[in-house]
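Spelled out, the chains give:
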Amino acid sequence: GSVASLNQPLLTDERYLGRTFLGFRLEQSFFGINYSIRNYRLSRESFARSQAEFADQERNLQRSVLSAYFGLVSTRKQVQIDSVLFVRDSLRMAGMFTGTGPAALSEVDSLKFELEVSRSAFNRTRSQQALLRAQASLNEVLGYPSSTVIVPDSTLTVERQVINVEQGVAAATANRWDYVLAVMAVDNRREGLRDAHRTSPVTVSVNSTIGYDGSARSNAAV
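These numbers were taken from a predicted model, which means no experiment stands behind them.

## A few points about the overall build of the chain
Of the regular secondary structure elements, the chain holds 4 helices and 3 strands. Taken from N to C terminus, the helices and strands of the chain fall in the order β-β-α-α-α-α-β. Per-residue burial over the chain gives 15% buried out of 222 residues. Within the chain, counting contacts between residues at least 6 apart in sequence, those at least 24 apart form 76% of the total.

## Things to note about the nonpolar core
If you look at the biggest cluster of nonpolar residues, it comprises 7 residues: Ala 68, Leu 72, Val 79, Leu 131, Ala 134, Leu 138 and Ile 150. Mapped onto this core, the elements with two or more residues apiece are helix H1 (35–98) and helix H2 (107–142). Beyond its immediate chain neighbours, meaning those up to four positions away, Ile 150 contacts Leu 72, Gln 135, Leu 138, Asn 139, Leu 142 and Tyr 144.

## Let's talk about the confidence of the model for the chain
On average, residues of the chain carry a pLDDT of 76, and 71% of them reach 70 or more. Confidence, read as mean pLDDT per element, is least for strand S3 (residues 202–217) in the chain (62) and greatest for helix H4 (residues 177–196) (84).

## Brief notes about the pattern of salt bridges
A side chain of one charge can pair with a side chain of the opposite charge if their charged atoms are brought near each other. All chains considered together, the criterion is met by 7 salt bridges. Residues Arg 59 and Asp 56 are paired through a salt bridge, measuring 2.2 Å at the closest nitrogen-oxygen approach. Here Arg 59 and its partner Asp 56 are both found in helix H1, 3 residues apart, which amounts to about one turn of the helix. Of the charged contacts, one joins Asp 187 and Arg 190 as a salt bridge, the two residues approaching to 2.9 Å between their closest N and O atoms. Of this pair, Asp 187 and Arg 190 both sit in helix H4, 3 residues apart, which is roughly one turn of that helix. Note on Asp 187: relative accessible area 33%, which makes it partly exposed. Several salt bridges share partner residues, and in doing so they unite Glu 45, Arg 49 and Arg 189 into one network.

## Remarks on the packing of aromatic side chains
The full count for this structure, using the stated rule, is 2 aromatic pairs. An angle of 90° between the planes, with centres 5.7 Å apart, marks the rings of Phe 47 and Trp 177 as edge-to-face. Of the two residues, Phe 47 sits in helix H1 while Trp 177 sits in helix H4, which places them 130 residues apart along the sequence. Residue Trp 177 is classed as partly exposed on the basis of its relative accessible area, which comes to 29%. Against the face of Phe 86 rests Arg 124, its NZ or CZ located 3.9 Å from the ring centre.

## Some remarks on the side chain of Glu 45
Here Glu 45 lies in helix H1. Classification of Glu 45 by relative accessible area gives buried; the value is 5%. If we skip the residues at most four places from it in the chain, Glu 45 touches Leu 181, Met 184, Ala 185, Asn 188 and Arg 189.

## Quick notes on H4
Structurally, the α-helix is built with 3.6 residues per turn, so residues lying three or four positions apart point the same way. For H4, with 20 residues, the first-to-last C-alpha span of 28 Å sits near the 28 Å given by 1.5 Å per residue. The complete set of buried residues in H4 reads Leu 181, Met 184, Ala 185, Asn 188 and Asp 195. An end-on view of H4 places all buried positions within 110° of arc, on one side of the element.

## Considerations on the side chain of Asn 139
Inspection of the secondary structure puts Asn 139 in helix H2. The exposure class of Asn 139 is buried, given its relative accessible area of 2%. Ignoring any residue separated from it by four or fewer positions in sequence, one finds Asn 139 in contact with Tyr 144, Pro 145, Ser 146, Thr 148 and Ile 150.

Calculation criteria
Residues numbered from 1 in each chain as written. Predicted model: local features only at pLDDT ≥ 70, side-chain atom pairs only at ≥ 80, totals over all residues. Heavy atoms only, no water. Helix = DSSP H or I, 4+ residues; strand = E, 2+ residues; numbered from the N terminus. Buried < 20%, exposed > 50% of the residue type's maximum accessible area, 1.4 Å probe, protein only. Contact = heavy atoms within 4.5 Å. Core = buried A, V, L, I, M, F, W, Y, C linked by side-chain atoms within 4.5 Å. pLDDT = per-residue confidence, 0-100. Salt bridge = Lys/Arg side-chain N within 4 Å of Asp/Glu carboxyl O. Phe/Tyr/Trp six-rings, centres within 6.5 Å; stacked < 30°, edge-to-face > 60°. Lys NZ or Arg CZ within 6 Å of the ring centre and 35° of its normal. Expected span 1.5 Å × (residues − 1). Arc of directions from axis to C-beta.

Okay, here's the thing in structure tokens:
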């Protein structure tokens, strides 16, 4: 409420004006779009999108781990091959100079053997560097310290599986969140087109004010 005081020049007493109010407002929407249902549909689509992104990240992580692991296996195999070739070329070169090798070698053959030894040494060094990079990549993917050394088991087991296309499609339909997201997106777009044809909500409101609105004057004679 509010109270006001009026001091008039010819009056010895003050004059007071008072007002007290209390208002009510009621609103109700008719027709139009039910925003609660619309927001619920959009929230479910947002949840499905988050699940699809999470599943994509899981698949990317698994793909990275498998790629790094098999890269380490293949690199270790290449290191072993290059090491054996280097030892072979080195022994052949040493036998040539010690006389245990072929009796007569031309200058061209000697240069060819030296070139083979140099090439095998270069291949061994390059494969060892590739092994260090593969080891670092696998440690990074697995979240291990850079100094961790992983010795993979290169024994692979291959099992024959019978592929059932219909069962696989049914499992993918039930478990793939990107498919669920696509279905929800289509449904929400369809519902959005339906909402676009509807009229805007009509709001009915009732306003009322109750209370005392008057004036008060001193009971002294003027």
